[in-house]
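One letter stands for each residue in the lines below.
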Protein chains: 2
Amino acid sequence: MNDNTTAPGEARVHVSLGERSYDILIGPGLIASAGQQIAARLPGIRAAIVSDENVADLYLEKLGESLSRAGIESTSIVLPAGEKTKNFEQVIAVSEAVLAARLERGDAVIALGGGVVGDLSGFVAGIVRRGMNFVQIPTSLLAQVDSSVGGKTGINTSHGKNLIGVFHQPALVLADADVLDSLSGREFRAGYAEMAKYGLIDQPDFFAWLEKNWQQVFAGGAPRIHAIATSCQAKADVVAADEYEGGKRALLNLGHTFGHALEAATGYDSGRLVHGEGVAIGMVLAHEFSTRMNLASPDDAQRVAAHLRAVGLPTQLSDIEGTLPPPDILLEHIAQDKKVKRGKLTFILTRGIGQSFVADDVPISEVLGFLKEKYTQ
Amino acid sequence: MNDNTTAPGEARVHVSLGERSYDILIGPGLIASAGQQIAARLPGIRAAIVSDENVADLYLEKLGESLSRAGIESTSIVLPAGEKTKNFEQVIAVSEAVLAARLERGDAVIALGGGVVGDLSGFVAGIVRRGMNFVQIPTSLLAQVDSSVGGKTGINTSHGKNLIGVFHQPALVLADADVLDSLSGREFRAGYAEMAKYGLIDQPDFFAWLEKNWQQVFAGGAPRIHAIATSCQAKADVVAADEYEGGKRALLNLGHTFGHALEAATGYDSGRLVHGEGVAIGMVLAHEFSTRMNLASPDDAQRVAAHLRAVGLPTQLSDIEGTLPPPDILLEHIAQDKKVKRGKLTFILTRGIGQSFVADDVPISEVLGFLKEKYTQ
């Protein structure tokens, strides 16, 4: 297999970024063939696999063997699972381990895991020796359709999520569809929220397709691969148009300004709220807020909420377990989010399903008034 | 004053990097006019000034007032002086301070200091919010002619110097020639070594000019500004041709592979050896090693050593105070330097003054043999 063919049942998405272009392969059995795929693109390298305890138990041996068969010597670094791992201390530990293994600029850091592992190890790959090769093997649906594509890397600080990081594009993304069968329903749904997002941004037909076919996507097989590939292509198109988030790329934040604030407000406690769930509620809030601003019909907001509720995602504040901080504290979290320019609130709003846009000048009083309403529902 | 004029006695060097292009201004009084210069290029921003204790005492108030007069609100972060500050702990502290000041992506981190402050704060500017604006106000000669130009940022780890960092171009560099009068002779000479380097890389005429005019460069005035501007232009040309160090940019490492190893071998103890001194010895060693490899005439190595000795720089291992580790340990430091590709030693060698080139495949045994000889001289 070389980099111009796909195996049966496999899809390929090309991310066009000039010298930094790369392929995303989506299909079954890609962990087992990872060595071949990587060696074809990065001949002669050595590698450091970064994973977390849960994923390492399931797939680390298989990946190490695949690399070894392809002549790629590797070392592995296993981190605690969970969002709290995305911190500076782990960046230091992983960077030191990569340097201790004497990896050079042309060698690769391979992320084997979900968004936490991908974001953290991508950041490490971006800063060790001012940028090493990086390969993503995302093992959650969320990572396959979102975080592994586009080159955003980063960690959290006490001031908020993903406030420290770099843009560092991978050399290859391998989305192994088989691994999704080991996800819990809740994890799968969290990733599904990001797939739905691409429909809501600018692909109303894909959203309608999901409304009809979501059960098959959850069940697996060809419709699932189609949905993942469509999502990756949607993200790749946006990233190719705006690699460093100067404009259009901000659309990918649909639902994320509210979502990030909710994650912060729940102390990044995955027992209460995971990222995709925050995005699901955030997307509904973005549509409802757009309705309040007389931009969109209330029917669209209801349709979004109905679909996300049907697949089992939370869609409103009261779906979050426990007590939320008051609206002004939530607003504080929103204002600290990085999508703020010169003190004015930037939101992704919408004129309807598949008609989202960047609003640069949203009055803070309107957001506070809206949140206060939502707290009483 | 706008960004298309220069004041009397001022020089301007333009670094051509497409969207990331920027100006370097070299002249007197630039700290006092920094506010105007920055506001003209980055209207409406707020800023965090990063400095060290020594430089802050001399110039922080003046810079803060200049920013204030131009309507730029600023906060300042003052670090301990010295190479040991370039570590992860300070990156965390400065990043947290920038976030605590609620600076946004369009706001600026301003480095007011030498290479340590510039490298560290440039790295922070490169990773906070995945890249903020960055302004360099270099206050050492070394920083003015080298580290402030070209976008390399970074910190040290126990594995070596500058092994962690990013490429992050400044939006503006202000090299205030007045501040050089507060440097010690030793500091000025250390910067001078990097100026001489540009002559040795590919500008034999500039090296010959320095041989004749170095006393005037040390004395100040127009020849000094000419030498700084010539150096910045030389570096800008190399950087424009190879921003991410894929090829030609490696030439800037002339003298640095030996130099970095000597800095590591002396524990980064500036009492024993500062960076520019390591580079001075390194450049002489690079010429002598090139002679040993039958690439260059011994006359050239002698001419380089003679000139650097004339200005008061160290030129041989025995000029370093205290005991050096044995040659094989020095070789170990060389091998860990980042200019290593796939286990082969990469050196910048030369065919004579102004005729340097990248040698990708230098036999490790030759380097060890050469070092053993040098230890006995």
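Keep in mind the model is a prediction, meaning the values are calculated, not measured.

Quick look at the domain arrangement of chain A now. All names here are of chain A. According to the domain assignment, chain A consists of domain 1 (11–182) and domain 2 (185–375). The centre of domain 1, based on its C-alpha atoms, is set 26 Å off from the matching centre of domain 2. Taken residue by residue, the interface counts 33 residues in domain 1 and 32 residues in domain 2. If you sort the residues of domain 1 by the area they bury against domain 2, Leu 141, Val 145 and Lys 161 come out on top, with a joint share of 22%. Linking domain 1 with domain 2 are 5 salt bridges. Residues Lys 152 and Glu 245 are paired through a salt bridge, measuring 3.0 Å at the closest nitrogen-oxygen approach. In this assembly, domain 1 and domain 2 are joined by 10 residue pairs in polar contact (both at pLDDT 80 or more). Those elements that place two or more of their residues in the side of domain 1 that touches domain 2 are β1 (11–15), β2 (22–27), α5 (141–147) and β8 (160–164). When residues of the side of domain 1 that touches domain 2 are assigned to their parent elements, the largest contribution, 6 residues, is made by α5.

With that settled, the discussion passes to the packing of helix α6 (residues 185–202) of chain A against helix α7 (residues 204–219) of chain A. Residues and elements named next belong to chain A. Packing of α6 against α7 leaves a shortest axis separation of 7 Å and a crossing angle of 160°. With respect to their mutual orientation, α6 and α7 come out roughly antiparallel. For α6 against α7, the interelement crossing comes out right-handed. Facing α6, whose interface residues are Phe 188, Arg 189, Tyr 192, Met 195, Ala 196, Gly 199, Leu 200 and Asp 202, α7 presents Pro 204, Phe 206, Phe 207, Leu 210, Trp 214, Val 217 and Phe 218.

With that settled, consider the interface of chain B and chain A. If you look at the interface, chain B gives 43 residues, while chain A gives 44 residues. Together, the buried faces of chain B and chain A total about 3,600 Å²; carbon and sulfur atoms form 48% of this surface. If you look at where chain B meets chain A, you find 4 salt bridges. For Arg 105 of chain A, the salt bridge goes to Glu 245 of chain B, with nearest N and O atoms at 3.1 Å. If you list the elements that add at least two residues to the side of chain B that touches chain A, you get α3 (88–100), α4 (115–127), β8 (160–164), α12 (327–336) and β10 (340–341) of chain B. For the side of chain B that touches chain A, the element with the highest residue contribution is α3 of chain B, accounting for 8 residues. Split by residue class, the side of chain B that touches chain A holds 17 nonpolar, 12 polar and 14 charged.

The next point concerns the relation of the copies chain B and chain A. The operation relating chain B to chain A is a screw motion whose rotation component is 180°, with 0.0 Å of axial translation and a residual RMSD of 0.0 Å. In short, the pair behaves as if placed about a two-fold rotation axis. Take the interface residues of chain B: 100% of them recur as interface residues in chain A, which is what a same-surface contact looks like.

It is worth spelling out the sheet that holds strand β6 (residues 133–138) of chain B at this point. Residue and element names in this part refer to chain B. Strands sit in the order β1-β2-β9-β6-β5-β3-β4 across an open sheet of 7 strands; the sheet is mixed. The open sheet has two edge strands with one neighbour each: β1 (11–15) and β4 (74–79). Averaged over all pairs of adjacent strands, the angle between their axes in this sheet comes to 15°, without regard to strand direction. Examined bridge by bridge, strand β3 (residues 47–52) and strand β5 (residues 108–113) share 5 bridges and lie parallel to one another. By the bridge assignment for β5, Val 50 is matched with Ala 111. Sheet strands touched by helix α2 (residues 53–69): β3, β4, β5 and β6. Its angle to β3, the strand with the most contacts, is close to 155°.

Criteria and thresholds
Residues numbered from 1 in each chain as written. Chains lettered and ligands numbered in written order. Predicted model: local features only at pLDDT ≥ 70, side-chain atom pairs only at ≥ 80, totals over all residues. Heavy atoms only, no water. Domains from an automatic or database assignment. Contact = heavy atoms within 4.5 Å. Buried area = accessible area lost by both parts, 1.4 Å probe. Salt bridge = Lys/Arg side-chain N within 4 Å of Asp/Glu carboxyl O. Polar contact = N/O pair within 3.5 Å; in protein donor to acceptor, adjacent residues only side chain to side chain. Helix = DSSP H or I, 4+ residues; strand = E, 2+ residues; numbered from the N terminus. Axes fitted to C-alpha atoms, helices over the stretch in contact; angles between N-to-C directions. Parallel < 35°, antiparallel > 145°, perpendicular 65-115°, else oblique. Left-handed = near helix turned anticlockwise from the far one by under 90°. Nonpolar A, V, L, I, M, F, W, Y, C, P; charged D, E, K, R; others polar. Least-squares fit on C-alpha atoms with pLDDT ≥ 70 in both. Pairing = 2+ DSSP bridges.

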